[in-house]
Amino acid sequence: MSVVKVLDGGLGTDLEKAQSIDFLADDPLFSARFLHTDPSAVKDAHKRFLLAGSDAVITSSYQASIDGFMKNCNVSREDAIQLLQLSVDVAKDSIKEVKSQLGDEAKEKYYVAASIGPYGACQHDMSEYTGHYVDNMSEDDLKNWHRERLSILLGRDPDFIAIETMPAQKEAQAIIELLREFPQAKAWVTFTCKDEEHTYHGDKFKEAFEKISKCPQVKSIGINCCHPKVVEPIMKSIRHLLQPDKTFIAYPNANLVLDEATRRMFTEPSSQSLTDYVSNWLSIGGIEWIGGCCLVTPDDITNISKVVNDWNSRNVE
Ligand SMILES: [Zn+2]
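For the structure given in this document, a descriptive report is provided here. (Residues numbered from 1 in each chain as written. Predicted model: local features only at pLDDT ≥ 70, side-chain atom pairs only at ≥ 80, totals over all residues. Heavy atoms only, no water.)

1. So, the side chain of Gln 169
Here is step 1 of the chain: With respect to the secondary-structure elements, Gln 169 resides in helix 8 (residues 169-179).
Here is step 2 of the chain: Only 2.8 Å separates the side chain of Gln 169 from the side chain of Gln 173, close enough to count as a polar contact.
Here is step 3 of the chain: Residues in contact with Gln 169, not counting those within four places in the same chain, are Phe 191, Asp 203, Glu 207, Ala 208 and Lys 211. (Helix = DSSP H or I, 4+ residues; strand = E, 2+ residues; numbered from the N terminus. Polar contact = N/O pair within 3.5 Å; in protein donor to acceptor, adjacent residues only side chain to side chain. Contact = heavy atoms within 4.5 Å.)

The structure is reproduced here in structure tokens:
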């Protein structure tokens, strides 16, 4: 069996806590704001997750776009491009610094995954949790919107492109099509799911999985930014389709649910922590990456990595 690896947690929510601010729902740039105001804060947040046990850093480019930087930071197009590039550069710097800090204790390999959030995330209207906009956009519209950011991020040579929080199969497929223009690129694709079968747009996860898994550049497919309780049924629905080179990936939120009326996330009281779910996912098998999304802290990642390391030591030759 292959080694299970640990992802990071909620970068935006960790930055929010470290900076004692509440920008989560109110800043059109989300965590990417800090690439402009204080890139070292982004680097420090990445380092907190790496030191907690994460094998990978997902960049702060989720809600970033050239237009978004130009409009919301009042910068030139050239500067906006540099800010996108910086998202990968600070991720790489965080790894370098953690490696030198840990010395022999450092992991052999840390991964940088450049985040590609959905079109809806950059509209700043929570439409990434409905995906309705895809009904009014052609595949070419979606490809044209995603092309430049993808190309800029790939220019900084990340290990993966994280095509994440996708509400709709159509948008994920458009980005996959785009990947063909960058044959060296490797990616994972994660959908955000409203229930045990469907993405937020209402597409069947299983059908999306089957389609996306045909792309040789996509190494892992799964879910993120959803309630942890939907991971297990989603995983079971496609378990028989998983292959050594087509693995599952899960990084849900910490018991966060979306209030449909206000379009705000709120924390659902629960006695079960994210870590409590992890053993079940491991025993189902076929999962390669486990981490967390919104409100998942470095402490949570430490707990998850203990469970994962223990599983690896018992199951990986
Ligand atoms: Zn999230």
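2. A closer look at the pattern of salt bridges
Any two side chains of opposite charge can pair, on the condition that their charged atoms come close.
Here is step 1 of the chain: In this structure the tally under the stated criterion is 15 salt bridges.
Here is step 2 of the chain: The salt bridge involving Asp 55 is made with Lys 107; its shortest N-O contact spans 3.0 Å. Of this pair, Asp 55 sits in the loop between helix 3 (39-52) and strand 2 (56-58) while Lys 107 sits in the loop between helix 5 (77-102) and strand 3 (111-116), placing them 52 residues apart in sequence.
Here is step 3 of the chain: The residue Lys 206 makes a salt bridge to Glu 210 at a minimum N-O spacing of 3.8 Å. Here the residue Lys 206 and the residue Glu 210 both occupy positions in helix 9 (residues 205-212), the gap between them amounting to four residues, near one helical turn.
Here is step 4 of the chain: Residue class for Lys 206 comes out partly exposed when judged on its relative accessible area of 33%. (Salt bridge = Lys/Arg side-chain N within 4 Å of Asp/Glu carboxyl O. Buried < 20%, exposed > 50% of the residue type's maximum accessible area, 1.4 Å probe, protein only.)

3. Considerations on the coordination of the zinc ion
Here is step 1 of the chain: Within the first shell, the zinc ion binds the protein through Cys 225 (SG), Asn 253 (OD1), Cys 293 (SG) and Cys 294 (SG), at distances of 2.2 to 2.6 Å.
Here is step 2 of the chain: Relative to the metal, the four donor atoms surrounding the zinc ion lie at angles of 93 to 127°, and the coordination shape comes out tetrahedral. (Donors = N, O, S within 2.8 Å, 3.2 Å for Na, K, Ca; no water. Tetrahedral: all angles 85-135°; square planar, octahedral: opposite > 155°, others 65-115°.)

4. Description of the sheet that holds strand 2
Adjacent strands of a sheet form backbone hydrogen bonds with each other and so pair up, either parallel or antiparallel.
Here is step 1 of the chain: Taken together, the eight strands give an open sheet; going across it, the order is 1-10-7-6-5-4-3-2, and neighbouring strands pair in parallel fashion. Each end of this open sheet is capped by a strand with a single partner; those strands are strand 1 (5-6) and strand 2.
Here is step 2 of the chain: Sheet topology places strand 1 next to strand 10 (residues 287-290); two bridges connect them, and they run parallel. Of the residues in strand 10, the one forming a bridge with Lys 5 is Trp 289.
Here is step 3 of the chain: The sheet strands contacting helix 8 are strand 3, strand 4 (160-166), strand 5 (187-191) and strand 6 (218-224), and the helix crosses strand 4 at an angle near 165°.
Here is step 4 of the chain: The sheet strands contacting helix 9 are strand 5, strand 6 and strand 7 (247-251), and the helix crosses strand 6 at an angle near 165°. (Pairing = 2+ DSSP bridges. Axes fitted to C-alpha atoms, helices over the stretch in contact; angles between N-to-C directions.)

5. Overview of the packing of helix 7 (residues 139-154) against helix 8
The geometry of a pair of packed helices is captured by two quantities: the angle between their axes and the separation between those axes.
Here is step 1 of the chain: Following both chains from N to C, one finds helix 7 and helix 8 inclined at 55°, their axes separated by 9 Å at the closest point. As judged from the angle between their axes, helix 7 and helix 8 are oblique. Seen along the crossing, helix 7 lies across helix 8 with a hand that is right-handed. Where helix 7 abuts helix 8, its residues Glu 139, Leu 142, Lys 143, His 146, Arg 147 and Leu 150 lie against Lys 170, Glu 171, Ala 174, Ile 175, Glu 177, Leu 178 and Leu 179. (Parallel < 35°, antiparallel > 145°, perpendicular 65-115°, else oblique. Left-handed = near helix turned anticlockwise from the far one by under 90°.)

6. Details of the environment of Gly 53
Here is step 1 of the chain: Within the element layout of this structure, Gly 53 appears in the loop between helix 3 and strand 2.
Here is step 2 of the chain: Spatially, the C-alpha atoms of Gly 53 and Asp 14 are 15 Å apart, while their sequence positions differ by 39 residues.
Here is step 3 of the chain: Among residues more than four places away in sequence, those in contact with Gly 53 are Val 6, Lys 107, Ile 301 and Ser 305.

7. Let's talk about the nonpolar core
Here is step 1 of the chain: Judged by nonpolar contacts, the single largest core of 82 residues is most densely connected at Phe 69, Phe 248 and Trp 281.
Here is step 2 of the chain: Considering each element in turn, this core owes the most residues, eight residues, to helix 5.
Here is step 3 of the chain: Listed in part, the 17 residues of the second largest apolar core include Ala 56, Ile 58, Tyr 111 and Cys 225. (Core = buried A, V, L, I, M, F, W, Y, C linked by side-chain atoms within 4.5 Å.)

8. Let's talk about unusual backbone geometry
Here is step 1 of the chain: At Asn 74, a position not held by glycine, the phi torsion is positive, near 55°.
Here is step 2 of the chain: With respect to the helices and strands, the residue Asn 74 is situated in the loop between helix 4 (66-73) and helix 5.
Here is step 3 of the chain: If you check the backbone angles, Thr 165 has positive phi at about 55° while not being a glycine.
Here is step 4 of the chain: Mapped onto the secondary structure, Thr 165 falls in strand 4.
Here is step 5 of the chain: Judged by relative accessible area, Thr 165 falls into the buried class, the value being 3%.

9. Some thoughts on the packing of helix 9 against helix 10 (residues 231-238)
Here is step 1 of the chain: Two numbers describe how helix 9 lies on helix 10: the axes approach to 10 Å, and their chain directions differ by 50°. As summarised for this structure, helix 9 and helix 10 are arranged oblique, according to the angle between their axes. By crossing handedness, the relation of helix 9 to helix 10 is classed as right-handed. Counted together, Phe 205, Lys 206 and Phe 209 of helix 9 and Ile 234, Ser 237 and Ile 238 of helix 10 form the full contact between these two elements.
Here is step 2 of the chain: Here the contact of helix 9 with helix 10 is composed, by residue class, of four nonpolar, one polar and one charged. (Nonpolar A, V, L, I, M, F, W, Y, C, P; charged D, E, K, R; others polar.)

Honestly, it's all geometry; don't read function into it.
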